[in-house]
Amino acid sequence: MTKPQPRPASRPVVALAMARDAAAAVLDDQALAALDSVCELVHPPLLDDFGTAAARAVLGRVEVLVTGWGCPPLDAAALAAAPGLRAVVHTAGSIRGHVTDACWERGVEVSSAAAANALPVAEYTVAMILLAGKRVLERARAFTAARRPDDPLRVPRTLGNHDRTVGILSASHVGRRVVELLRPYDLRVLLHDPYVDAAEAAALGARGVGLRELFARSDVVSVHTPLLPGTRGLVGRDLIAALRQDAVLINTARGAVVDQEALTEAVTAGRIRAVLDVTDPEVLPPGHPLWDCENVLLTPHLAGSQGNEWRRLTDLAVSEVARWAAGDGFAHAVSARQARLLA
């Protein structure tokens, strides 16, 4: 529950910049009241177009923008209309769509709720890892069709979640939370991230390995790599071929990180399985073979914050505005260098 914060001595002028449907979903009356308790909130109008006269009037006063999905780009023209803008607090994860180089050049401080949004993605990932280990979805379909249970004494020894190996691709916000959430389970966790050495991987609770080794040794590989020019198609044909027979590939990151053609060939041939919350394109064409492949679970990009999970995003935004107003700085600050490595 969003709780009103103590009023800071200095109350910055804050406006909301995001798409109308995003605001309606994420910012309920309670969240708006909590935000208003730590700042001078200018709302309405909601800024979903920085070119209107109403938006320009607000931008001329604003010190902080609380942004969300669908925020227009904060380019040089928008910043020129907002001479007093000093900070951006984003109520979602990626800032790539609206925080431009002009913001960094101005010295605008930026905060993101990526850490809060990472938790439901990590929870979804762990659930899928455990379900895949027991082959729950496939066995449920077979049970429904046959109307009789498996013989538990005839279940193969390859089935189950004891002593399985899980490979985590990228120590992103989500990847780190997945490793953390896997600690109570009797699983071996491998990690590949070119920016994480063996000691840091061990401190996280995983064993650092090379990229190909991660795919060759894991029963499940979970992809948490941001989509950057250097990661497009990173999980290519060679890595998919290195997966063990009946291994599972989970992707909750971005569809284009994976070579979808190579993956489609592997799953339709029955060699591996896949859990895909993202694809490339985001909704596959109607006749795409992945729709009807029994070795694939397709979900509609639902792993991230939805429903009551949006509360974490607004709680974080309110806390960040309060910290900034009190002169304490952001707890979830994003630098220009970090922004280039984030999704």
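Here, every reference points to the structure presented above.
Here's what I pulled together on the structure shown here. These numbers were taken from a predicted model, which means no experiment stands behind them.

## As for the packing of helix α6 (residues 114-133) against helix α8 (residues 173-182)
Part 1: The interhelical angle for the contact between α6 and α8, taken along N-to-C directions, is 50°, at an axis separation of 8 Å. Considered as vectors, α6 and α8 are oriented oblique to each other. As for how α6 packs across α8, the hand of that crossing is right-handed. Between α6 and α8, the residues in contact are Ala-114, Ala-115, Ala-118, Leu-119, Val-121, Ala-122, Glu-123, Thr-125, Val-126 and Ile-129 and His-173, Val-174, Arg-177, Val-178, Leu-181 and Leu-182, respectively.
Part 2: Counted by class, the contact of α6 with α8 contains twelve nonpolar, two polar and two charged residues.

## Regarding the sheet that holds strand β2 (residues 40-47)
Part 1: Spatially, β2-β1-β3-β4-β5 is the arrangement adopted by the five strands of the open sheet, whose pairing is parallel. Two strands in the sheet have a free side with no partner beyond their single neighbour: β2 and β5 (109-112). Strand-to-strand twist of the sheet, defined as the mean angle between neighbouring strand axes without regard to direction, takes the value 20°.
Part 2: Strand direction decides the pairing type here: strand β1 (residues 13-17) and strand β3 (residues 64-67), joined by four bridges, are parallel. Looking across to β3, one finds that Ala-15 is bridged to Leu-65.

## Quick word on the pairing of strand β7 (residues 187-192)
Part 1: Among the six residues that make up β7, five are buried, leaving the element largely enclosed by the rest of the structure.
Part 2: Note that strand β6 (residues 164-169) and β7 share six bridges and pair parallel. Each residue of the ladder has a partner; that of Gly-167, found in β7, is Leu-190.
Part 3: Each parallel crossover has a hand, and the one from β6 via α8 to β7 is right-handed.
Part 4: Where β7 lies against strand β8 (residues 207-208), two bridges are found, and the strand directions are parallel. Of the residues in β8, the one forming a bridge with Leu-191 is Gly-208.
Part 5: In terms of handedness, the path from β7 via helix α9 (residues 198-204) over to β8 forms a crossover that is right-handed.

## Comments concerning the side chain of His-288
Part 1: Residue position: His-288 is located in the loop between β11 (273-276) and β12 (296-298).
Part 2: Accessibility expressed as a relative area gives 16% for His-288, which makes it buried.
Part 3: For His-288, the contacting residues outside a window of four places in its chain are Gln-260 and Thr-264.

## A word on the sheet that holds β7
Part 1: What the seven strands build is an open sheet, ordered β8-β7-β6-β9-β10-β11-β12; its pairing is parallel. Each edge of the open sheet is held by one strand with a lone partner, namely β8 and β12.
Part 2: In the sheet, strand β10 (residues 248-251) pairs with β11 via four bridges, with the strands oriented parallel. Note on β11: the bridge partner recorded for Ile-250 is Val-275.
Part 3: Relative to the sheet, α6 contacts β6, β9 (220-223), β10, β11 and β12, its axis offset from that of β10 by approximately 165°.

## Things to note about helix α2 (residues 29-36)
Part 1: Listing the buried residues of α2 in full gives Ala-31, Leu-32, Ala-34 and Leu-35. Within α2, the buried residues cover an arc of 160° as seen down the axis, which keeps them to one side.

Reading the values: rules and limits
Residues numbered from 1 in each chain as written. Predicted model: local features only at pLDDT ≥ 70, side-chain atom pairs only at ≥ 80, totals over all residues. Heavy atoms only, no water. Axes fitted to C-alpha atoms, helices over the stretch in contact; angles between N-to-C directions. Helix = DSSP H or I, 4+ residues; strand = E, 2+ residues; numbered from the N terminus. Parallel < 35°, antiparallel > 145°, perpendicular 65-115°, else oblique. Left-handed = near helix turned anticlockwise from the far one by under 90°. Contact = heavy atoms within 4.5 Å. Nonpolar A, V, L, I, M, F, W, Y, C, P; charged D, E, K, R; others polar. Pairing = 2+ DSSP bridges. Buried < 20%, exposed > 50% of the residue type's maximum accessible area, 1.4 Å probe, protein only. Right-handed = clockwise from strand over helix to strand, strands pointing away. Arc of directions from axis to C-beta.

By themselves, these are just geometric observations and shouldn't be taken as functional.
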